[in-house]
Amino acid sequence: MAENLLIHTGNKEEKYRELLPQLQALVSSETNRIANLANIAAALKQTFHFFWVGFYLVEGNELVLAPFQGPIACTRIRFGRGVCGTAWKEAQTLIVPDVEQFPGHIACSSDSKSEIVVPIIKEGNVIGVLDIDSDTPDSFDETDARYLEEICTYIG
């Protein structure tokens, strides 16, 4: 198991390219999903200095807070509600450049300005979501979506 991430300075895509094989190696040797979620959240926060990085797991008709890095967060989110609940309902990645413009946005923190939510899919069902918030507007793009979706395949 790696004790430290080896990420050199570079643009966003270069950082993802360095991070992905390290994450894959880290989670491939661990069978506990919670441990893997915790390490992935920590690695993303450490590498990109996002405001908030975390997971919500499906329990019945709600997403329930799972491992995360950052300030305290909403504990439960209903199906179809907010960015996370909508990404779950639609089973697709959502990039929100300005959270204030997203209908029904759930403000866990007023410091959050933009967000990306990626569903975690196993056997065709959404089992959770990866939620990342930034304290600056328009922080996420298709590069983030592509690499974060790949990371979520390691979990599903």
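Residues numbered from 1 in each chain as written. Predicted model: local features only at pLDDT ≥ 70, side-chain atom pairs only at ≥ 80, totals over all residues. Heavy atoms only, no water.

Undergrad: What's the story with the overall build of the protein in this structure? I'm lost.
TA: Per the secondary structure count, the protein includes four helices and six strands. Start at the N end of the protein and walk to the C end: the helices and strands fall as α-α-β-β-β-α-β-β-β-α. For 156 residues, the compact-globule formula gives about 15 Å, and the C-alpha radius of gyration of the protein, at 14 Å, lands near that figure. The dimensions of the protein, computed from C-alpha atoms along their principal axes, are 40 × 30 × 25 Å. Across the 156 residues in the protein, those meeting the buried criterion constitute 44%. Surface exposure of the protein reaches about 8,100 Å², of which carbon and sulfur atoms provide 47%. Taking the average location of the 12 positive side-chain charges in the protein and that of its 22 negative ones, the two points are 4 Å from each other. (Helix = DSSP H or I, 4+ residues; strand = E, 2+ residues; numbered from the N terminus. Rg over C-alpha atoms; globule rule 2.2 N^0.38 Å. Buried < 20%, exposed > 50% of the residue type's maximum accessible area, 1.4 Å probe, protein only. Areas by Shrake-Rupley, 256 points an atom, 1.4 Å probe, with all protein chains shown as cover. Lys, Arg positive; Asp, Glu negative; His and termini not counted. Charge placed at Lys NZ, Arg CZ, Asp CG, Glu CD.)

Undergrad: Would you explain unusual backbone geometry in this entry?
TA: A negative phi angle characterises most non-glycine residues, just as the trans form characterises most peptide bonds. A positive phi angle, near 50°, is found at Ala-91, a position not held by glycine. By the element assignment, Ala-91 lies in the loop between α3 (82-90) and β4 (94-96).

Undergrad: Explanation requested: the nonpolar core in the structure shown.
TA: Here is a general trend for soluble globular proteins: nonpolar side chains tend to be buried in one another's company. Core analysis: the biggest nonpolar cluster contains 29 residues, and Leu-44, Phe-55, Leu-130, Ile-132 and Leu-148 have the highest contact counts within it. Among the elements of the structure, α1 (12-28), α2 (33-48), β1 (52-59), β5 (114-122), β6 (125-134) and α4 (142-155) are those that each provide at least two residues to this core. Take this core: its biggest share by element is seven residues, from α4. Once residues within four sequence positions are removed from consideration, Leu-44 is found in contact with Tyr-16, Leu-19, His-49, Phe-50, Val-53, Leu-130, Ile-132, Leu-148 and Ile-151. Counting 17 residues, the second largest nonpolar core, distinct from the first, contains Trp-52, Tyr-56, Ala-87 and Trp-88. (Core = buried A, V, L, I, M, F, W, Y, C linked by side-chain atoms within 4.5 Å. Contact = heavy atoms within 4.5 Å.)

Undergrad: I'm lost on the environment of Ile-116 in this one. Help?
TA: With respect to the element layout, Ile-116 can be found in strand β5. For Ile-116 and Val-99, which are 17 residues apart along the polypeptide, the C-alpha to C-alpha distance reads 9.9 Å.

Undergrad: Looking at this model, I keep getting lost on empty space enclosed by the protein. Mind explaining?
TA: Think of a ball as big as a water molecule: rolled over the atoms, this probe shows where empty space is left. Overall, the coordinates contain one cavity of 30 Å³ or more when judged by the stated rule. By volume, the largest cavity amounts to about 180 Å³. In this structure, the largest cavity is lined by 19 residues; those nearest its centre are Ile-106, Cys-108, Glu-115, Asp-131 and Asp-133. Those elements that place two or more of their residues in the lining of the largest cavity are β1, α3 and β6. Tallied by class, residues from the lining of the largest cavity come to 11 nonpolar, four polar and four charged. (1 Å grid on protein atoms, 1.4 Å probe; cavity = no way out; pocket = protein on both sides within 12 Å on 5 of 7 lines; lining within 4 Å. Points joined across faces, edges and corners; volume = space filled by probe spheres on them. Nonpolar A, V, L, I, M, F, W, Y, C, P; charged D, E, K, R; others polar.)

Undergrad: What exactly am I supposed to notice about the environment of Lys-45 here?
TA: Among the structural elements, Lys-45 can be located in helix α2. Here Lys-45 falls in the partly exposed class, since its relative accessible area comes to 24%. The sequence separation of Lys-45 and Ile-132 amounts to 87 residues, and the corresponding C-alpha distance is 9.1 Å. In this structure Lys-45 touches Phe-50, Phe-51, Val-53 and Gln-69, once residues within four positions along its chain are discounted.

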